[in-house]
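Listed below are the residues making up each chain.
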Amino acid sequence: MVLSILNFFTNLPIFLVLAVLIVFFAIILSIILFKLFCHKNNIFVILCIFSFIVTVSVIVSLLYFNNTVYAKSIINITSEIINFNNDIKSGEAETLSFHLAYSDRISEPSYIDGELGFYVDATNWFYWADGRLLPESKMKEKDRFSEFHFTLYPEELPSILEKNDANYKNIQAIYGKRKLNVRDNTFLDMLYGGNNRVSMDLNMSKVSALGLRTIAHSMVVEKLKIVDKEVTDLASTNAHVRDFVSSIQMLSGYAWRNISKSSIRSYHSYGVAFDLLPETTRGKQVYWDWSRVNNKHWYSIPYSKRWMPPDELIKIFESHGFVWGGKWQFFDTMHFEYRPEIIIYNRLMSDEVLLKKLIKLI
Ligand SMILES: [Zn+2]
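Residues numbered from 1 in each chain as written. Predicted model: local features only at pLDDT ≥ 70, side-chain atom pairs only at ≥ 80, totals over all residues.

A. Representation of the overall build of the protein in the model. Assigned secondary structure in the protein consists of 14 helices and 10 strands. Looking at the 362 residues of the protein, the share that counts as buried comes to 27%. Across the protein, every contact between residues at least 6 apart in sequence was considered, and the portion connecting residues at least 24 apart equals 59%. (Helix = DSSP H or I, 4+ residues; strand = E, 2+ residues; numbered from the N terminus. Buried ≥ 20, exposed ≤ 12 C-beta atoms within 10 Å, placed from the backbone. Contact = placed C-beta atoms within 7 Å.)

Encoded structure:
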(Lines give C-alpha, C1' and ligand atoms only; values in the text may rest on other atoms or scores of the structure.)
Protein backbone atom coordinates (compact mmCIF):
# COMPACT_ATOMS: atom_id res chain seq x y z
CA MET A 1 0.00 0.00 0.00
CA VAL A 2 2.70 2.45 1.06
CA LEU A 3 4.64 1.58 -2.06
CA SER A 4 1.77 2.05 -4.49
CA ILE A 5 1.06 5.50 -3.06
CA LEU A 6 4.77 6.24 -3.26
CA ASN A 7 4.96 5.09 -6.86
CA PHE A 8 1.97 7.21 -7.75
CA PHE A 9 3.53 10.32 -6.31
CA THR A 10 7.10 9.66 -7.33
CA ASN A 11 6.61 8.98 -11.01
CA LEU A 12 4.96 10.98 -13.77
CA PRO A 13 1.92 12.29 -11.81
CA ILE A 14 4.08 14.25 -9.38
CA PHE A 15 5.47 16.30 -12.24
CA LEU A 16 1.93 17.00 -13.54
CA VAL A 17 0.81 18.09 -10.06
CA LEU A 18 3.94 20.22 -9.80
CA ALA A 19 3.33 21.82 -13.21
CA VAL A 20 -0.24 22.78 -12.23
CA LEU A 21 0.97 24.21 -8.91
CA ILE A 22 3.73 26.24 -10.61
CA VAL A 23 1.31 27.72 -13.15
CA PHE A 24 -1.25 28.52 -10.42
CA PHE A 25 1.40 30.09 -8.19
CA ALA A 26 2.81 32.11 -11.13
CA ILE A 27 -0.63 33.49 -12.11
CA ILE A 28 -1.39 34.61 -8.55
CA LEU A 29 2.07 36.18 -8.06
CA SER A 30 1.94 37.89 -11.45
CA ILE A 31 -1.38 39.51 -10.63
CA ILE A 32 -0.13 40.67 -7.22
CA LEU A 33 3.11 42.13 -8.71
CA PHE A 34 1.17 43.76 -11.53
CA LYS A 35 -1.29 45.41 -9.13
CA LEU A 36 1.53 46.61 -6.88
CA PHE A 37 3.98 47.99 -9.45
CA CYS A 38 2.14 48.64 -12.74
CA HIS A 39 -0.44 51.32 -13.05
CA LYS A 40 -1.31 50.82 -16.73
CA ASN A 41 -2.95 47.73 -18.21
CA ASN A 42 -0.02 46.31 -20.15
CA ILE A 43 -0.42 42.62 -21.15
CA PHE A 44 3.26 42.45 -22.19
CA VAL A 45 4.45 43.30 -18.66
CA ILE A 46 2.15 40.73 -17.06
CA LEU A 47 3.32 38.04 -19.54
CA CYS A 48 6.98 38.83 -18.78
CA ILE A 49 6.41 38.55 -15.04
CA PHE A 50 4.45 35.31 -15.55
CA SER A 51 7.16 33.73 -17.76
CA PHE A 52 9.93 34.75 -15.39
CA ILE A 53 8.18 33.18 -12.39
CA VAL A 54 7.40 29.95 -14.30
CA THR A 55 11.02 29.62 -15.50
CA VAL A 56 12.52 30.20 -12.05
CA SER A 57 10.04 27.75 -10.45
CA VAL A 58 10.75 25.02 -13.02
CA ILE A 59 14.54 25.37 -12.60
CA VAL A 60 14.29 25.31 -8.78
CA SER A 61 11.97 22.26 -8.91
CA LEU A 62 14.20 20.31 -11.29
CA LEU A 63 17.28 21.01 -9.16
CA TYR A 64 15.40 19.92 -6.06
CA PHE A 65 14.05 16.68 -7.55
CA ASN A 66 17.42 15.76 -9.01
CA ASN A 67 19.01 16.00 -5.62
CA THR A 68 19.63 12.75 -3.79
CA VAL A 69 18.37 14.44 -0.63
CA TYR A 70 14.94 13.85 -2.15
CA ALA A 71 15.59 10.09 -2.39
CA LYS A 72 16.83 10.00 1.18
CA SER A 73 13.79 11.83 2.49
CA ILE A 74 11.46 9.29 0.85
CA ILE A 75 13.41 6.37 2.28
CA ASN A 76 13.44 7.84 5.76
CA ILE A 77 9.71 8.41 5.79
CA THR A 78 8.55 5.10 4.41
CA SER A 79 11.13 2.51 5.13
CA GLU A 80 13.49 1.06 7.62
CA ILE A 81 17.18 1.71 7.00
CA ILE A 82 19.24 -1.48 7.13
CA ASN A 83 20.57 -2.10 10.60
CA PHE A 84 23.77 -4.01 10.27
CA ASN A 85 24.30 -4.54 13.95
CA ASN A 86 22.52 -7.78 13.17
CA ASP A 87 23.65 -10.41 10.69
CA ILE A 88 24.03 -9.42 7.07
CA LYS A 89 21.01 -10.76 5.23
CA SER A 90 20.75 -12.09 1.70
CA GLY A 91 21.04 -9.38 -0.94
CA GLU A 92 22.26 -6.67 1.44
CA ALA A 93 25.93 -6.79 0.37
CA GLU A 94 24.88 -6.95 -3.30
CA THR A 95 22.53 -3.96 -3.12
CA LEU A 96 25.13 -2.04 -1.11
CA SER A 97 27.66 -2.80 -3.86
CA PHE A 98 25.29 -1.37 -6.47
CA HIS A 99 24.94 1.80 -4.37
CA LEU A 100 28.70 2.15 -3.91
CA ALA A 101 29.33 1.52 -7.62
CA TYR A 102 26.75 4.01 -8.91
CA SER A 103 26.25 6.27 -5.89
CA ASP A 104 25.13 9.20 -8.04
CA ARG A 105 22.32 7.08 -9.53
CA ILE A 106 21.45 4.31 -7.04
CA SER A 107 20.27 5.08 -3.52
CA GLU A 108 21.32 3.33 -0.33
CA PRO A 109 19.61 -0.04 0.00
CA SER A 110 16.65 -0.13 2.37
CA TYR A 111 13.53 -2.11 3.19
CA ILE A 112 10.01 -1.17 2.18
CA ASP A 113 7.28 -3.30 3.72
CA GLY A 114 9.98 -5.85 4.61
CA GLU A 115 11.33 -6.14 1.06
CA LEU A 116 14.90 -5.08 0.25
CA GLY A 117 15.57 -2.73 -2.66
CA PHE A 118 16.86 0.65 -3.79
CA TYR A 119 15.88 3.66 -5.87
CA VAL A 120 17.38 4.45 -9.26
CA ASP A 121 17.51 8.20 -10.01
CA ALA A 122 15.69 9.02 -6.78
CA THR A 123 12.21 7.94 -7.81
CA ASN A 124 12.27 4.47 -9.40
CA TRP A 125 12.16 1.72 -6.79
CA PHE A 126 13.60 -1.73 -7.60
CA TYR A 127 13.12 -4.78 -5.38
CA TRP A 128 16.15 -7.02 -4.90
CA ALA A 129 13.71 -9.95 -5.34
CA ASP A 130 16.33 -12.66 -4.61
CA GLY A 131 18.72 -11.18 -7.15
CA ARG A 132 16.21 -10.45 -9.90
CA LEU A 133 16.06 -6.64 -9.50
CA LEU A 134 12.42 -6.02 -10.40
CA PRO A 135 10.12 -3.00 -10.45
CA GLU A 136 6.84 -3.41 -8.55
CA SER A 137 4.92 -4.07 -11.78
CA LYS A 138 6.93 -7.29 -12.37
CA MET A 139 6.79 -8.63 -8.80
CA LYS A 140 3.64 -10.71 -9.37
CA GLU A 141 5.45 -12.78 -12.02
CA LYS A 142 8.75 -12.78 -10.11
CA ASP A 143 9.44 -16.52 -10.57
CA ARG A 144 9.45 -16.15 -14.35
CA PHE A 145 12.70 -14.17 -14.23
CA SER A 146 16.26 -15.30 -13.66
CA GLU A 147 18.72 -13.74 -11.25
CA PHE A 148 21.41 -11.23 -12.07
CA HIS A 149 24.73 -13.01 -11.90
CA PHE A 150 26.69 -11.71 -8.97
CA THR A 151 29.40 -14.16 -9.91
CA LEU A 152 32.16 -14.68 -7.42
CA TYR A 153 35.00 -12.80 -9.04
CA PRO A 154 38.26 -13.71 -7.29
CA GLU A 155 41.32 -11.49 -7.37
CA GLU A 156 43.46 -14.32 -8.75
CA LEU A 157 42.66 -16.80 -11.54
CA PRO A 158 40.08 -19.34 -10.33
CA SER A 159 41.09 -23.00 -10.56
CA ILE A 160 39.98 -24.94 -13.65
CA LEU A 161 37.50 -27.81 -13.25
CA GLU A 162 38.85 -31.32 -13.67
CA LYS A 163 37.84 -33.28 -16.77
CA ASN A 164 35.39 -35.92 -15.50
CA ASP A 165 31.78 -37.10 -15.95
CA ALA A 166 30.43 -35.41 -12.83
CA ASN A 167 31.78 -32.00 -13.89
CA TYR A 168 30.57 -32.55 -17.45
CA LYS A 169 27.02 -33.30 -16.23
CA ASN A 170 27.10 -30.32 -13.90
CA ILE A 171 28.19 -27.97 -16.71
CA GLN A 172 25.57 -29.44 -19.05
CA ALA A 173 22.88 -28.71 -16.43
CA ILE A 174 24.06 -25.08 -16.07
CA TYR A 175 24.18 -24.80 -19.88
CA GLY A 176 20.58 -26.11 -20.19
CA LYS A 177 19.33 -23.67 -17.55
CA ARG A 178 21.23 -20.83 -19.17
CA LYS A 179 19.27 -21.25 -22.40
CA LEU A 180 15.99 -20.88 -20.48
CA ASN A 181 17.04 -17.79 -18.54
CA VAL A 182 14.87 -14.72 -18.95
CA ARG A 183 16.28 -11.65 -17.24
CA ASP A 184 13.99 -8.69 -16.79
CA ASN A 185 15.72 -5.78 -18.51
CA THR A 186 13.88 -2.91 -16.76
CA PHE A 187 16.71 -2.22 -14.30
CA LEU A 188 19.52 -2.22 -16.88
CA ASP A 189 17.42 -0.25 -19.37
CA MET A 190 16.97 2.43 -16.71
CA LEU A 191 20.59 2.40 -15.54
CA TYR A 192 21.90 2.75 -19.11
CA GLY A 193 19.07 4.95 -20.40
CA GLY A 194 17.36 3.05 -23.23
CA ASN A 195 15.33 -0.03 -24.08
CA ASN A 196 15.92 -0.36 -27.81
CA ARG A 197 18.64 0.24 -30.34
CA VAL A 198 17.41 3.73 -31.27
CA SER A 199 17.24 5.06 -27.71
CA MET A 200 20.52 3.37 -26.74
CA ASP A 201 22.34 4.93 -29.74
CA LEU A 202 21.81 8.33 -28.10
CA ASN A 203 23.96 7.34 -25.10
CA MET A 204 26.96 6.28 -27.18
CA SER A 205 30.19 8.13 -27.94
CA LYS A 206 33.23 7.35 -30.07
CA VAL A 207 36.38 6.79 -28.06
CA SER A 208 39.98 5.69 -28.68
CA ALA A 209 41.65 3.07 -26.51
CA LEU A 210 44.69 0.83 -27.08
CA GLY A 211 45.22 2.71 -30.33
CA LEU A 212 41.82 1.63 -31.69
CA ARG A 213 38.46 3.32 -32.17
CA THR A 214 35.35 1.93 -30.52
CA ILE A 215 31.86 2.98 -29.49
CA ALA A 216 31.10 3.12 -25.77
CA HIS A 217 28.39 4.31 -23.38
CA SER A 218 29.16 7.83 -22.18
CA MET A 219 29.19 6.40 -18.61
CA VAL A 220 32.43 4.50 -19.32
CA VAL A 221 34.23 6.84 -21.74
CA GLU A 222 36.36 8.48 -19.02
CA LYS A 223 37.13 5.06 -17.46
CA LEU A 224 38.33 3.75 -20.83
CA LYS A 225 40.54 6.81 -21.32
CA ILE A 226 42.20 6.22 -17.93
CA VAL A 227 42.67 2.50 -18.72
CA ASP A 228 44.15 3.49 -22.08
CA LYS A 229 46.62 5.90 -20.48
CA GLU A 230 47.75 3.38 -17.85
CA VAL A 231 48.14 0.58 -20.43
CA THR A 232 50.09 2.92 -22.77
CA ASP A 233 52.39 3.99 -19.92
CA LEU A 234 52.98 0.36 -18.97
CA ALA A 235 53.60 -0.66 -22.60
CA SER A 236 56.43 1.88 -22.80
CA THR A 237 58.43 -0.16 -20.27
CA ASN A 238 56.96 -3.66 -20.62
CA ALA A 239 57.63 -5.48 -23.92
CA HIS A 240 55.06 -8.23 -23.23
CA VAL A 241 52.27 -5.66 -22.79
CA ARG A 242 53.54 -3.68 -25.79
CA ASP A 243 53.49 -6.80 -28.03
CA PHE A 244 50.04 -7.73 -26.78
CA VAL A 245 48.60 -4.25 -27.48
CA SER A 246 50.06 -4.20 -30.98
CA SER A 247 48.52 -7.65 -31.67
CA ILE A 248 44.99 -6.37 -31.04
CA GLN A 249 43.28 -5.53 -34.30
CA MET A 250 39.87 -4.47 -33.16
CA LEU A 251 38.21 -3.17 -30.01
CA SER A 252 34.60 -4.18 -30.38
CA GLY A 253 32.27 -2.27 -28.03
CA TYR A 254 28.64 -1.29 -28.50
CA ALA A 255 26.48 -3.82 -30.38
CA TRP A 256 22.76 -4.40 -29.77
CA ARG A 257 22.55 -8.17 -29.26
CA ASN A 258 21.79 -11.06 -26.89
CA ILE A 259 24.35 -13.21 -25.08
CA SER A 260 25.17 -16.33 -27.13
CA LYS A 261 22.78 -19.28 -26.49
CA SER A 262 20.49 -17.20 -24.29
CA SER A 263 17.70 -14.67 -24.51
CA ILE A 264 19.55 -12.32 -22.18
CA ARG A 265 20.62 -8.97 -23.55
CA SER A 266 24.42 -8.71 -23.68
CA TYR A 267 26.27 -5.88 -21.90
CA HIS A 268 27.56 -5.04 -25.40
CA SER A 269 23.98 -3.81 -26.02
CA TYR A 270 24.58 -1.16 -23.37
CA GLY A 271 28.01 -0.12 -24.68
CA VAL A 272 29.80 -1.18 -21.48
CA ALA A 273 31.46 -4.39 -22.76
CA PHE A 274 34.53 -4.56 -25.00
CA ASP A 275 36.15 -7.42 -26.91
CA LEU A 276 39.87 -7.24 -27.61
CA LEU A 277 40.10 -9.07 -30.93
CA PRO A 278 43.63 -10.29 -31.72
CA GLU A 279 45.28 -10.70 -35.11
CA THR A 280 45.63 -14.40 -34.33
CA THR A 281 44.97 -16.53 -31.24
CA ARG A 282 47.82 -18.91 -32.30
CA GLY A 283 45.54 -21.92 -31.85
CA LYS A 284 44.57 -20.96 -28.30
CA GLN A 285 41.00 -21.09 -27.00
CA VAL A 286 39.11 -17.82 -26.63
CA TYR A 287 35.44 -18.52 -26.10
CA TRP A 288 33.67 -21.46 -24.42
CA ASP A 289 30.98 -21.76 -27.10
CA TRP A 290 33.56 -22.03 -29.90
CA SER A 291 35.68 -24.54 -27.93
CA ARG A 292 32.57 -26.59 -27.19
CA VAL A 293 32.12 -27.46 -30.88
CA ASN A 294 35.14 -29.81 -30.90
CA ASN A 295 35.61 -30.52 -27.21
CA LYS A 296 32.80 -31.60 -24.88
CA HIS A 297 35.17 -31.11 -21.93
CA TRP A 298 35.83 -27.47 -22.87
CA TYR A 299 35.39 -26.39 -19.21
CA SER A 300 38.63 -28.24 -18.32
CA ILE A 301 40.88 -26.56 -20.91
CA PRO A 302 43.89 -25.31 -18.91
CA TYR A 303 44.86 -21.64 -18.89
CA SER A 304 48.03 -22.51 -20.83
CA LYS A 305 45.81 -23.43 -23.79
CA ARG A 306 43.57 -20.37 -23.51
CA TRP A 307 44.34 -17.04 -25.18
CA MET A 308 45.17 -14.68 -22.31
CA PRO A 309 45.85 -10.93 -22.05
CA PRO A 310 48.83 -10.07 -19.78
CA ASP A 311 48.02 -10.13 -16.04
CA GLU A 312 49.08 -6.50 -15.65
CA LEU A 313 46.57 -5.40 -18.30
CA ILE A 314 43.74 -7.36 -16.63
CA LYS A 315 44.62 -5.72 -13.29
CA ILE A 316 44.47 -2.24 -14.85
CA PHE A 317 41.00 -2.92 -16.26
CA GLU A 318 39.84 -4.38 -12.93
CA SER A 319 41.14 -1.40 -10.96
CA HIS A 320 38.77 0.81 -12.97
CA GLY A 321 35.68 -1.38 -12.54
CA PHE A 322 35.95 -3.75 -15.53
CA VAL A 323 35.64 -7.51 -15.03
CA TRP A 324 37.44 -9.89 -17.38
CA GLY A 325 35.50 -12.76 -19.02
CA GLY A 326 38.51 -15.07 -18.67
CA LYS A 327 37.67 -15.59 -14.98
CA TRP A 328 34.20 -16.92 -15.78
CA GLN A 329 33.44 -20.64 -15.99
CA PHE A 330 31.82 -19.95 -19.38
CA PHE A 331 35.04 -18.24 -20.37
CA ASP A 332 35.36 -15.40 -22.86
CA THR A 333 38.99 -14.34 -22.66
CA MET A 334 38.75 -11.39 -25.06
CA HIS A 335 35.83 -9.81 -23.16
CA PHE A 336 35.94 -6.98 -20.59
CA GLU A 337 32.80 -5.49 -19.08
CA TYR A 338 32.23 -2.48 -16.81
CA ARG A 339 30.72 -4.05 -13.66
CA PRO A 340 32.12 -2.12 -10.69
CA GLU A 341 29.39 -3.61 -8.47
CA ILE A 342 30.91 -7.09 -8.93
CA ILE A 343 34.43 -5.91 -8.07
CA ILE A 344 33.13 -4.04 -5.01
CA TYR A 345 30.96 -6.99 -3.93
CA ASN A 346 33.86 -9.43 -4.05
CA ARG A 347 36.06 -6.99 -2.17
CA LEU A 348 33.38 -6.63 0.51
CA MET A 349 32.85 -10.37 0.78
CA SER A 350 36.53 -10.96 1.35
CA ASP A 351 36.74 -8.27 4.01
CA GLU A 352 33.99 -8.55 6.61
CA VAL A 353 35.41 -5.69 8.68
CA LEU A 354 35.23 -3.36 5.67
CA LEU A 355 31.71 -4.55 4.86
CA LYS A 356 30.45 -3.89 8.38
CA LYS A 357 32.23 -0.54 8.50
CA LEU A 358 30.75 0.59 5.20
CA ILE A 359 27.31 -0.65 6.07
CA LYS A 360 27.33 1.18 9.39
CA LEU A 361 28.34 4.38 7.63
CA ILE A 362 25.16 4.20 5.58
ZN1 LIG B 1 32.16 -9.59 -25.58
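B. Seen up close, the environment of Tyr127. For Tyr127, the position within the fold is in strand β4 (residues 124-127). For the pair Tyr127 and Tyr111, spaced 16 residues apart in sequence, the C-alpha to C-alpha distance is 9.0 Å.

C. Highlighting the packing of helix α9 (residues 218-235) against helix α10 (residues 239-247). For the pair α9 and α10, interaxial distance at closest approach is 7 Å and the crossing angle is 125 degrees. In this view, α9 runs oblique relative to α10, as classed from their interaxial angle. Residues Val231, Leu234 and Ala235 of α9 form the contact with α10, whose participating residues are Val241, Arg242 and Val245. (Axes fitted to C-alpha atoms, helices over the stretch in contact; angles between N-to-C directions. Parallel < 35°, antiparallel > 145°, perpendicular 65-115°, else oblique.)

D. How the structure looks around the environment of Val323. Position of Val323 among the secondary structure elements: in strand β9 (residues 322-324). Between the C-alpha atoms of Val323 and Glu337, which are 14 residues apart in sequence, the distance is 5.3 Å. Beyond its immediate sequence surroundings of up to four residues, Val323 is in contact with Tyr153, Glu318, Glu337, Arg339, Ile342 and Ile343.

E. Fine view of the sheet that holds strand β7 (residues 248-252). Strand order in the open sheet formed by 4 strands is β7-β8-β10-β9, and the pairing between neighbours is antiparallel. This sheet does not close on itself; its edge strands, each paired only once, are β7 and β9. Taken pair by pair, the neighbouring strands of this sheet meet at an average axis angle of 20 degrees, ignoring direction. As paired strands, β9 and strand β10 (residues 335-338) are joined by 3 bridges and run antiparallel to one another. Across the sheet, residue Val323 finds its bridge partner in β10, namely Glu337. (Pairing = 2+ DSSP bridges.)

F. Region of the structure containing the confidence of the model for the protein. Looking at the protein as a whole, the pLDDT averages 83, with 83% of positions reaching at least 70. Of all helices and strands in the protein, the one with the weakest mean pLDDT is helix α4 (residues 68-78) (31), whereas strand β6 (residues 212-217) scores best (97). This stretch, residues 64-85, has a pLDDT under 50; its non-local contacts, to residues over four places away or in other chains, come to 32 contacts. (pLDDT = per-residue confidence, 0-100.)

G. How the structure looks around the packing of α9 against helix α12 (residues 311-319). Remark: α9 packs on α12, axes separated minimally by 9 Å, with the N-to-C direction vectors making an angle of 155 degrees. Looking at the two axes, α9 sits roughly antiparallel to α12. In terms of crossing hand, the pair formed by α9 and α12 is right-handed. On the side of α9, the interface is formed by Val227, Glu230, Val231 and Leu234, while α12 contributes Glu312, Leu313, Ile316 and Phe317. (Left-handed = near helix turned anticlockwise from the far one by under 90°.)

H. Here's a closer look at unusual backbone geometry. The phi angle at Asp130 is positive, at roughly 50 degrees, despite the residue not being glycine. Looking at the secondary structure, you find Asp130 in the loop between β4 and α6 (165-180). Asp130 sits in the partly exposed class, given 14 other C-beta atoms within 10 Å. Phi is positive for Leu210, which is not a glycine, with a value near 50 degrees. Judged by the 19 C-beta atoms lying within 10 Å of it, Leu210 falls in the partly exposed class.

I. Inspection of the pairing of strand β3 (residues 115-120) at higher detail. β3 sits mainly inside the fold: 5 of its 6 residues count as buried. Direction of pairing for strand β2 (residues 110-112) relative to β3: antiparallel, over a ladder of 3 bridges. From the neighbouring strand, Tyr111 faces β3, where its bridge partner is Leu116. Taking the residues between adjacent antiparallel strands as the criterion, β2 and β3 are bridged by 2 residues, where Asp113 takes a positive phi near 50 degrees. With 4 bridges connecting them, β3 and β4 associate as antiparallel partners. Looking at β4, one finds that Tyr119 is bridged to Trp125.

J. Quick peek at the environment of Arg197. Tracing the backbone shows Arg197 in helix α8 (residues 197-201). Residue classification places Arg197 among the exposed residues on the basis of 12 C-beta atoms within 10 Å. Separated by 59 residues in the primary sequence, Arg197 and Trp256 place their C-alpha atoms 6.2 Å from one another.

K. Highlighting α6. The end-to-end C-alpha distance of α6, which contains 16 residues, comes to 23 Å, matching closely the 22 Å that a straight helix rising 1.5 Å per residue would cover. In terms of residue burial, α6 counts as a barely covered element, since only 1 of its 16 residues are buried. (Expected span 1.5 Å × (residues − 1).)

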